[in-house]
Amino acid sequence: MRKRTVLPAFLLQCIPKSVRVRRDELIMKAKDLMVPLSDYLSPDNTLEEAVRLLISAKRGESRVGVKGLPVLNDSGKAVGMLTMRDILKAVLPSYMSLMNLGEFAWDGMLEEMARKVADRKISEIMSPEVTTVGENAPLMECVDRMVKGNFKRLPVVDAGGKVVGMLYERDIFLAITKAMHPGRKGRHE
Amino acid sequence: MNPVAEVTAGPLSGNSFWIATAVFVVSYAVIVSERVHKTIVALVGASLMLVFGILQQHEAFRLEEFGVDWNVIFLLIAMMVIINIMRPTGIFEYIAIKSAKWGRGKPFRIMVIFSIVTAVLSALLDNVTTVLLISPVTLLIADALEVDPIPYLISCALASNIGGTATLIGDPPNIMIASRAHLTFMDFVYHLAPIVVVIMVFYILAIRLIWGKRLRSRDELRERIMGMDENEAIRDPVMLWKSLFVLAVVLAGFVLHGALHFQPATVALFGASLLLLLSGNKEPHHVFAEVEWPTIFFFIGLFVIVGGVVKVGLIKWMSVRVIEATQGNLFATSMVIMWFSAFASAIVDNIPYVATMNPLIIDMAHQLWPHETGLNLLQHSDLMPLWWSLALGACLGGNGSAIGASANVIVVGMSEKTGRRVSFMKFAMYGLPIMVMTVAIATAYVWIRYYIVG
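Residues numbered from 1 in each chain as written. Chains lettered and ligands numbered in written order. Predicted model: local features only at pLDDT ≥ 70, side-chain atom pairs only at ≥ 80, totals over all residues. Heavy atoms only, no water.

What about the overall build of chain A?
Point 1. Regarding its fold elements, chain A presents 10 helices and eight strands.
Point 2. Burial analysis of chain A (189 residues in total) assigns 34% to the buried set.
Point 3. Contacts spanning at least 24 positions in sequence make up 56% of the contacts within chain A whose residues lie at least 6 apart.
Point 4. For chain A, the exposed area adds up to about 11,900 Å²; of that, 55% sits on carbon and sulfur atoms. (Helix = DSSP H or I, 4+ residues; strand = E, 2+ residues; numbered from the N terminus. Buried < 20%, exposed > 50% of the residue type's maximum accessible area, 1.4 Å probe, protein only. Contact = heavy atoms within 4.5 Å. Areas by Shrake-Rupley, 256 points an atom, 1.4 Å probe, with all protein chains shown as cover.)

Let's talk about the overall build of chain B
Point 1. Within chain B one finds 23 helices and zero strands.
Point 2. The principal-axis extent of the C-alpha atoms belonging to chain B is close to 75 × 50 × 45 Å.
Point 3. The buried share of chain B, taken over its 454 residues, is 58%.
Point 4. Side-chain charges of chain B comprise 28 positive and 29 negative groups, with the mean position of each set lying 8 Å from the other. (Lys, Arg positive; Asp, Glu negative; His and termini not counted. Charge placed at Lys NZ, Arg CZ, Asp CG, Glu CD.)

Observations concerning the packing of helix H4 (residues 70–86) of chain B against helix H16 (residues 293–312) of chain B
Residue and element names in this part refer to chain B.
Point 1. H16 packs onto H4 with a crossing angle of 175° between their chain directions and a minimal axis gap of 10 Å. In terms of orientation, H4 and H16 fall into the roughly antiparallel class. On H16, the residues that touch Trp-70, Val-72, Ile-73, Leu-76, Ile-77 and Met-80 of H4 are Trp-293, Ile-296, Phe-299, Ile-300 and Phe-303.
Point 2. Split into classes, the residues belonging to the contact of H4 with H16 amount to 11 nonpolar, no polar and no charged. (Axes fitted to C-alpha atoms, helices over the stretch in contact; angles between N-to-C directions. Parallel < 35°, antiparallel > 145°, perpendicular 65-115°, else oblique. Nonpolar A, V, L, I, M, F, W, Y, C, P; charged D, E, K, R; others polar.)

Some thoughts on the interface of chain A and chain B
Size of an interface: often given as the accessible area lost when the parts come together.
Point 1. In this complex, chain A contributes 13 residues to the contact, which on the side of chain B involves 22 residues.
Point 2. Between chain A and chain B lies a buried interface of about 1,600 Å² when both sides are counted; carbon and sulfur atoms form 65% of it.
Point 3. Between chain A and chain B we count three salt bridges in total.
Point 4. Notably, a salt bridge pairs Glu-103 of chain A with Arg-235 of chain B, separated by 2.7 Å at the nearest N-O pair.
Point 5. At the boundary of chain A and chain B, one finds five residue pairs in polar contact (both at pLDDT 80 or more). (Buried area = accessible area lost by both parts, 1.4 Å probe. Salt bridge = Lys/Arg side-chain N within 4 Å of Asp/Glu carboxyl O. Polar contact = N/O pair within 3.5 Å; in protein donor to acceptor, adjacent residues only side chain to side chain.)

A look at helix H18 (residues 330–347) of chain B
Residues and elements named next belong to chain B.
Point 1. Taking 1.5 Å of rise per residue, the 18 residues of H18 would be expected to cover 26 Å, and the 25 Å separating its terminal C-alpha atoms lies within 8% of that figure.
Point 2. Every buried residue belonging to H18 is among Leu-330, Thr-333, Ser-334, Met-335, Ile-337, Met-338, Ser-341, Ala-342, Ala-344, Ser-345 and Ala-346, and all of these are buried.
Point 3. Structurally, H18 contributes buried residues whose contacts are with helix H17 (314–326), helix H19 (350–368), helix H21 (384–397) and helix H23 (424–452).
Point 4. A side-chain oxygen of the first residue of H18 lies 3.0 Å from the backbone nitrogen of Phe-331; this N-cap is Asn-329. (Expected span 1.5 Å × (residues − 1).)

Some remarks on the pairing of strand E7 (residues 153–157) of chain A
Residues and elements named next belong to chain A.
Point 1. Extensive coverage of E7 is indicated by the burial of five of its five residues.
Point 2. The two faces of E7 match: Arg-153, Pro-155 and Val-157 on one face and Leu-154 and Val-156 on the other face are all buried.
Point 3. Here strand E6 (residues 133–134) pairs with E7 via two bridges, running parallel. The residue bridging Gly-134 from the neighbouring strand is Val-157, located in E7.
Point 4. As defined by bridge partners, E7 adjoins strand E8 (residues 163–168) across five bridges and the pair is classed as antiparallel. For Val-157, the partnering residue across the bridge sits in E8 and is Val-163.
Point 5. Between E7 and E8, which follow one another and run antiparallel, lie five residues, and Gly-161 among them has a positive phi close to 90°. (Pairing = 2+ DSSP bridges.)

Quick look at the pattern of salt bridges
Point 1. The full count for this structure, using the stated rule, is 19 salt bridges over all chains.
Point 2. A salt bridge links Lys-116 of chain A to Asp-143 of chain B; its shortest N-O distance comes to 3.0 Å. In this pair, Lys-116 of chain A is assigned in helix H7 (residues 109–117) and Asp-143 of chain B in helix H7 (residues 127–145), connecting two distinct chains.
Point 3. By relative accessible area, Asp-143 of chain B is classed as buried at 11%.
Point 4. Note that Lys-152 of chain A and Glu-169 of chain A form a salt bridge whose closest N and O atoms lie 3.9 Å from each other. One end of the pair, Lys-152 of chain A, is in the loop between helix H9 (139–149) and E7; the other, Glu-169 of chain A, is in helix H10 (residues 169–180), with 17 residues separating them in the sequence.
Point 5. In this structure Lys-152 of chain A comes out as partly exposed when scored by relative accessible area, which is 47%.
Point 6. Note on Glu-169 of chain A: relative accessible area 39%, which makes it partly exposed.
Point 7. The network of salt bridges with common partners includes Glu-112 of chain A together with Glu-146, Arg-218, Glu-220 and Arg-224 of chain B.

Things to note about the environment of Thr-39 of chain B
All names here are of chain B.
Point 1. By secondary structure assignment, the location of Thr-39 is in helix H2 (residues 38–51).
Point 2. Expressed as a C-alpha distance, the spacing of Thr-39 and Phe-298, which sit 259 residues apart in the sequence, is 4.4 Å.
Point 3. Excluding residues that lie within four positions of it along the chain, Thr-39 makes contacts with Pro-294, Thr-295, Phe-297 and Phe-298.

Here it is in structure tokens:
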């Protein structure tokens, strides 16, 4: 826990109100910035089902469609992540990742391969190593995880390890923007 | 020189025979069980031979009869370096696409051409490299033609094991045999290449029987193959010509190494260093990083383990038993070696097997001709068919099962990645009959060429 300095009341009144508000807003945690969990996948879902959910999933109140979803087991714990990139990788035949054969692809190959992988299970395609953050984690810890692991979204977990929300790169970016320009309107104002 | 020396040093010299035998047997058993990575097992076994004083470090590192065969090690490393530099030029993609177009997009014709190309490349490069370079393209072609890729993968592995038998550098058993028996590249070309060509003809007839009728494609799909431009595969034409030049120098060096009195590793190391120089590579780190160090250290460990049991006399004891069993009849011995090697190599890695058989054959020679030494002993005219039987059996035997050769393990792994598993039984269904057929042809060859014609 971060130690907060309490100023004497008379000094506090000397500080303009906008600055005081800004200080409080700056001390946000993962849970303050996350979007509560609404859509997620199960390891037994097929790729086709996953694709459908990715396009229809809600992110927050206004946005529809996400680029990645957590894969949760029956007890709500994250067992993997499935992103658009994982789906692109699943469509790319294994032999093309072994050698430089991109020049020899034919028209319609992508569509053929997409039909071939439609029934594959998410458990075979997802990235099985998932990095989560605790709901009380400071935002810098979240940034650390995102930058080092090259993630654009992190599942936020409660004390029992259950996923309670998703934290997106863009929302952290908006928090940074706000820290630099306190006057500008961000999503979480 | 008598290869059986007394163990004089070390705290356990009295029990050295049993300790060395135990290290050898346990190491090989753990390698077969695949519970621990084979390289780790080989290195633990080797270091135990040193710690228990079975071998002194200088014996393990410096003596040919008990220690690491650096000729084998540096030949392997140098060839790997050459391939690592050649691979990014796109030459292998070029050859494979060109082959598919020679096949005019016809599925079985392509399978035959791929088999021949794989066999020829395997004779010049090692089998694993060849299969790693050819099979991704066979998968692409199978997808383009909408045919089952599994027959292509299996035929690629089988052809690579057959082709690798033909030359000194084609397969690790041959490299090891050549080094211990001081055989030249041209010895292998005279004695093994002709029969490998015959075996390939029978192999193609066999795959025609197995898959010839089953592979069908449509005309419009063939157009996909004919529309591919193999020239697009070449990424670095300048480096390609440099690589082909160096490869030609290396092959010429192999052809002449006997006459010039160079060891094969000298030729390969010269080629590798010349290509490194010509490549203008300022940071050769990645070229060396891609050398298969686990394989190299597997060899190093095995040489020391086998050196230990040679020193304590286990191998001599085994060779006496073999001579007793065959009553000194070298034709019978050669046939036993051929078939035993084939089935042993189908079940276990042929590298540790040949590492053990080499000193065993040399020990047999010591007992049969106690007054001969040097090349007169190692290349005694009555001993030569045994070396060829060992090479033919150990290399061709690899086809017998999915784990018989590294090339097989690779294609089985690739088939799994495409979502079609090749089970142990399914591989054996094709591999075992092919192995029996090819070893039978090799048996007839050794019998006729060395015992009837003489």
